[in-house]
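Understanding the architecture of this molecule
Residue-level listing of the chains:
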Protein chains: 2
Amino acid sequence: MFTPSPLRWNEMNDLNKVIEEALKLVEPLKEEIDHVKALASIAFEKVSKIASDSEFKPSVILGGSYAKGTWLKGEADIDIFVKFPKELEREELEKHGLDIALKSMRDYNPILRYSEHPYVEACIEDVKINVVPCYDVKKGEWKSAADRSPYHTEFMVKALNDDLRREVRILKKFMKGIGVYGAEIATQGFSGYVCEVLAIKYGSFLSTLKSASKWIERELISLDKVDEEFKKLFPQAGIIILDPVDRKRNLGTAISQKRLAEFILASRFFLEKPSMDYFINKKDYSLKKLEKSDLLENIVILKFKHSKRSIDILWGQLKRSLNHILKQLAINDFKVVRANCATDEIENSAFIFLMERIDQPSIDIKIGPKVFRYDDSKKFIDKNMKTSKIIWLGDDARLYSVIERRVKSLNDFFYNLTHAPKGGSGIAPGLIDDLTNTYEVYIGKDSFKIASSFPWLARELVKIVSSDKILIE
Amino acid sequence: MFTPSPLRWNEMNDLNKVIEEALKLVEPLKEEIDHVKALASIAFEKVSKIASDSEFKPSVILGGSYAKGTWLKGEADIDIFVKFPKELEREELEKHGLDIALKSMRDYNPILRYSEHPYVEACIEDVKINVVPCYDVKKGEWKSAADRSPYHTEFMVKALNDDLRREVRILKKFMKGIGVYGAEIATQGFSGYVCEVLAIKYGSFLSTLKSASKWIERELISLDKVDEEFKKLFPQAGIIILDPVDRKRNLGTAISQKRLAEFILASRFFLEKPSMDYFINKKDYSLKKLEKSDLLENIVILKFKHSKRSIDILWGQLKRSLNHILKQLAINDFKVVRANCATDEIENSAFIFLMERIDQPSIDIKIGPKVFRYDDSKKFIDKNMKTSKIIWLGDDARLYSVIERRVKSLNDFFYNLTHAPKGGSGIAPGLIDDLTNTYEVYIGKDSFKIASSFPWLARELVKIVSSDKILIE
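Report on the accompanying structure. All of these numbers come straight from a predicted model, not from anything done at the bench.

Moving on, we get to the overall build of chain A. Scanning chain A from terminus to terminus reveals 16 helices and 15 strands. Taken over the C-alpha atoms alone, chain A extends approximately 80 × 65 × 50 Å along its principal axes. Here chain A, with 473 residues, has 53% of them falling under the buried criterion. At a minimum sequence separation of 6, the contacts of chain A that also span at least 24 residues come to 66%. In chain A, 76 side chains carry a positive charge and 71 a negative one; their mean positions are 3 Å apart.

Here it is in structure tokens:
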């Protein structure tokens, strides 16, 4: 096991200086705090008023990073939970919940959003307000995914003090800076709540990084004492971060291995050489410097249009479909180096592939049974005799044949993929028709041209033919 | 397990007719028998005379297919064994043995040949004479590979009767016709002795084929009763045929899986549809019909010159070297469909490869460790940061990098192979210098051109881009 060497004095000094500097970026000034407080008060009043007029008289409480006092300077979110009796049907909850939310926010351009449950987003002045219906349940008796949130707020309000809130803020900012912040499926990174749990577990931003730099595969993180046996409950997890209000829940499930790995590496690099760069996400997705990359020749873009849908649903469909396409490419001997989804989150999406090579050999090799297996070898010969370019016995007593390759190009491949019999394509059912009707394939330098017209596509193309930022900074 | 359906009457009739016809091809007429007998007598006298004049007074005996009466019409071989006292040093045996052999055959253009042991080949009129020195040892106390031969002769002379000799001859002719006859390393097929053992074991040519058509992997064939435990003595063997004069010896070792498989398939096909074609090796290695084969584009020939050496030694070196080159090609991501050696058995040889594709992608993918392994991931990053086109974290938390491919072409590959540090190439040491100094690489259509000038090369090229004859007849 690796043990990092103890930091020397001047390094310690650097670290403290950088953290002090970062602190200035993350702590809201009194002015901002007062302003957000005032807006929260307005929003809370509005929702409470409408709720008390409604049939079920749901209780209303504040939540999220505002209530916990862990929001980042200039980025306050105010969550307002509307708690309905647990006997209510799910459909009724959604209907009445959204009704209250939309009515109360009607002056602030409310929009409907979905994740596991629907909720309403609005803006009062420069602050985002989320009004979220949920059930008023006892701890552990969750009926919807949002029911835990009030308990999270309650837990953190008790567990955090001013010192810890400061550490949470620095940790969040660091995660944002390196691009691993956010639990939504587009990012699959660390949620604000996870940042809070980590800060409590390790005591500070710096201790969190020191620990993360040494995290092992399937690290188990829990605020309560818990033995390693617990891991068995989460056989697939890359990291296990137990929710302090629900020990059966792994907060790490939402974190992809890539984001986890990025955080671990960034922790190591930051501790080695602290820098403000880690706190500032310097986006640079300019296509220009890419123009002469010879890797562009190996790029394939499958672009398509689709109907509008919730962002989280869209990302889920894209990621599932990408995984399926990758499997199919492998089956067809196309070797993919790297792949990604890209989307404008409205009506255009694409899959981007960096291939080992764009073309296919014209021949395909079929490996048959050993001749000792009478029936199988007879079948192989009967089946392949006429369609084979050649058929022969190998040095291992197996039958072999060479046939003309069926899927001869990526264009062939994508045609077959999008024209597979219903349900056979493996593409997310909600996407397959859109994909089949609108897909376009761009290969090699053409991928650069098409990306020039779409910034969202350009960004992912640049990412895929560049080193990960975390590794080159 | 497969059980062939019982033959119907007219099929049985066909079979018998074909076998009757084949019999005419294999049994020598009285005239030939008398002629060979006379020549054997001359040769035997010559060797005996010289032997009795020599220091160790070795005894002389007749052996081989002549002595056993199993030679094929027009193809008699006369083996004469010169048996020396077992106390003699190996070097002395070879010196005195060859001295006697060369002297006795001096009027018949004797040539020196080597397999495990040196011997002398000569021709009296149209019949080949082999004079082979060996030790006069008790059964089982073998000192050289040839010592068993007199016991083989003795055994077969007792075991075979006229009926069985006829069956052996048909079996040999069948094996010759389908190209699996001959134990020498160039062929790695069935020896005459193995044919005799099989005919005794199964009772007839037809029974041998019926059994062979159902042979399983690692079939155990023994004239004596022996249990399956015996197989453990030969863990690597594809087929186990126990030598009746030495049960610890597997005659199947000399038979390659390919030849074994060819014999099995041919047995099945012949039983299904008997034909004289199986007894007549219709060689057709004309390059012409190949000219328009698109597989030629995927051919690579590595041709070279070398010093003269014993044919068996040459074939051994070629086959070992080919195996090594195949391993190296695989390591370098070159996918070989089929490969073979070719040689004029004098001073020109070549390796022929049918490739899935001739070219290589320009990039190479390096798969690194998971980031959880601190030291390994640090090493990977330090090592690849500068030389990589891109370096990134995969979805599996592994590090990856893309580098410029080092071995960019087959020409590169063969250059590296032939210029590896001494002993590092894996090519047979006796060949490597010849190969390095004289190799030429022919790719695609050029392989056709070079093969046009060399019949021995043309033959193997035709074989490699054609179906196995056994499968298309």
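Take the sheet that holds strand β2 (residues 77–85) of chain B next. Residue and element names in this part refer to chain B. Here we have five strands laid out as an open sheet, ordered β1-β2-β5-β4-β3, and mixed in their pairing. Of all the strands in the sheet, the pair left with one neighbour each is β1 (59–63) and β3 (111–114). Between one strand and the next, the sheet's axes are offset by a mean angle of 30°, whatever the strand orientation. Here nine bridges tie β2 to strand β5 (residues 127–136), and the two strands are oriented parallel to one another. Along β5, the bridge assignment pairs Asp79 with Asn130.

Once that is clear, we can look at the nonpolar core. With 89 residues, the main nonpolar core has A:Phe174, A:Phe190, A:Trp215 and A:Phe263 as its most contacted residues. Looking at which element gives the most residues to this core, the answer is helix α9 (residues 257–272) of chain A, with nine residues. Those residues within four positions of A:Trp215 in sequence are excluded, and the remaining contacts are A:Phe190, A:Leu198, A:Tyr202, A:Ile221, A:Ile239, A:Leu260, A:Phe263, A:Ile264 and B:Phe372. Residues B:Leu72, B:Phe263, B:Ala266 and B:Phe269 belong to the second largest nonpolar core, which totals 58 residues.

In this assembly, 59 residues from chain B lie in contact with 59 residues from chain A. Taken together, the links from chain B to chain A amount to eight salt bridges. With a shortest N-O distance of 3.0 Å, A:Arg357 and B:Asp359 are connected by a salt bridge. Seen at the junction of chain B and chain A, the total is 20 residue pairs in polar contact (both at pLDDT 80 or more). Mapped onto the side of chain B that touches chain A, the elements with two or more residues apiece are α9 (257–272), β10 (336–343), β11 (348–355), β12 (363–370), α11 (374–384), β13 (388–393), β14 (398–404) and α16 (469–472) of chain B. Broken down by element, the residue count for the side of chain B that touches chain A peaks at ten residues, all from α9(B). Among the residues forming the side of chain B that touches chain A, the class breakdown is 32 nonpolar, eight polar and 19 charged.

Residue and element names in this part refer to chain B. Examined against the element boundaries, Ser256 turns out to sit in the loop between β8 (246–250) and α9. The class for Ser256 is buried, based on a relative accessible area of 17%. At a separation of 3.1 Å, a polar atom in the side chain of Ser256 contacts the main-chain amide nitrogen of Arg259.

Residues and elements named next belong to chain A. Strand order in the open sheet formed by five strands is β1-β2-β5-β4-β3, and the pairing between neighbours is mixed. Each edge of the sheet is formed by a strand with only one pairing partner; in this case those strands are β1 (59–63) and β3 (111–114). Sheet twist, expressed as the average angle between the axes of neighbouring strands with direction ignored, equals 30°. Its contacts with the sheet put helix α2 (residues 30–53) on β1, β2 (77–85), β4 (118–124) and β5 (127–136), and the angle it makes with β2 is roughly 20°. Where helix α4 (residues 90–104) meets the sheet, it contacts β2, β3, β4 and β5, and its direction lies at approximately 150° from that of β5.

A few words now on the packing of aromatic side chains. For the structure on display, the rule yields 38 aromatic pairs over all chains. Both rings, one in A:Phe413 and one in A:Phe414, keep their centres 5.3 Å apart while their planes meet at 75°; by these two values the pair is edge-to-face. Residues A:Phe413 and A:Phe414 agree in their burial class; the two are buried. On the basis of an interplanar angle of 55° and a centroid distance of 5.7 Å, the ring pair of B:Phe454 and B:Trp456 is categorised as tilted.

Quick look at the packing of helix α10 (residues 311–331) of chain B against helix α12 (residues 410–418) of chain B now. Residue and element names in this part refer to chain B. Direction vectors running N to C along α10 and α12 enclose 125°, while the axes themselves pass 11 Å from each other. What the angle tells us is that α10 and α12 run oblique. Crossing of α10 against α12: the hand is right-handed. Contact with α10, carried on its side by His324, Ile325, Gln328 and Leu329, involves Leu410, Phe413, Phe414 and Leu417 of α12 and no other residues of that element. Broken down by class, the residue content of the contact of α10 with α12 amounts to six nonpolar, two polar and no charged.

Conventions we followed
Residues numbered from 1 in each chain as written. Chains lettered and ligands numbered in written order. Predicted model: local features only at pLDDT ≥ 70, side-chain atom pairs only at ≥ 80, totals over all residues. Heavy atoms only, no water. Helix = DSSP H or I, 4+ residues; strand = E, 2+ residues; numbered from the N terminus. Buried < 20%, exposed > 50% of the residue type's maximum accessible area, 1.4 Å probe, protein only. Contact = heavy atoms within 4.5 Å. Lys, Arg positive; Asp, Glu negative; His and termini not counted. Charge placed at Lys NZ, Arg CZ, Asp CG, Glu CD. Pairing = 2+ DSSP bridges. Axes fitted to C-alpha atoms, helices over the stretch in contact; angles between N-to-C directions. Core = buried A, V, L, I, M, F, W, Y, C linked by side-chain atoms within 4.5 Å. Salt bridge = Lys/Arg side-chain N within 4 Å of Asp/Glu carboxyl O. Polar contact = N/O pair within 3.5 Å; in protein donor to acceptor, adjacent residues only side chain to side chain. Nonpolar A, V, L, I, M, F, W, Y, C, P; charged D, E, K, R; others polar. Phe/Tyr/Trp six-rings, centres within 6.5 Å; stacked < 30°, edge-to-face > 60°. Parallel < 35°, antiparallel > 145°, perpendicular 65-115°, else oblique. Left-handed = near helix turned anticlockwise from the far one by under 90°.

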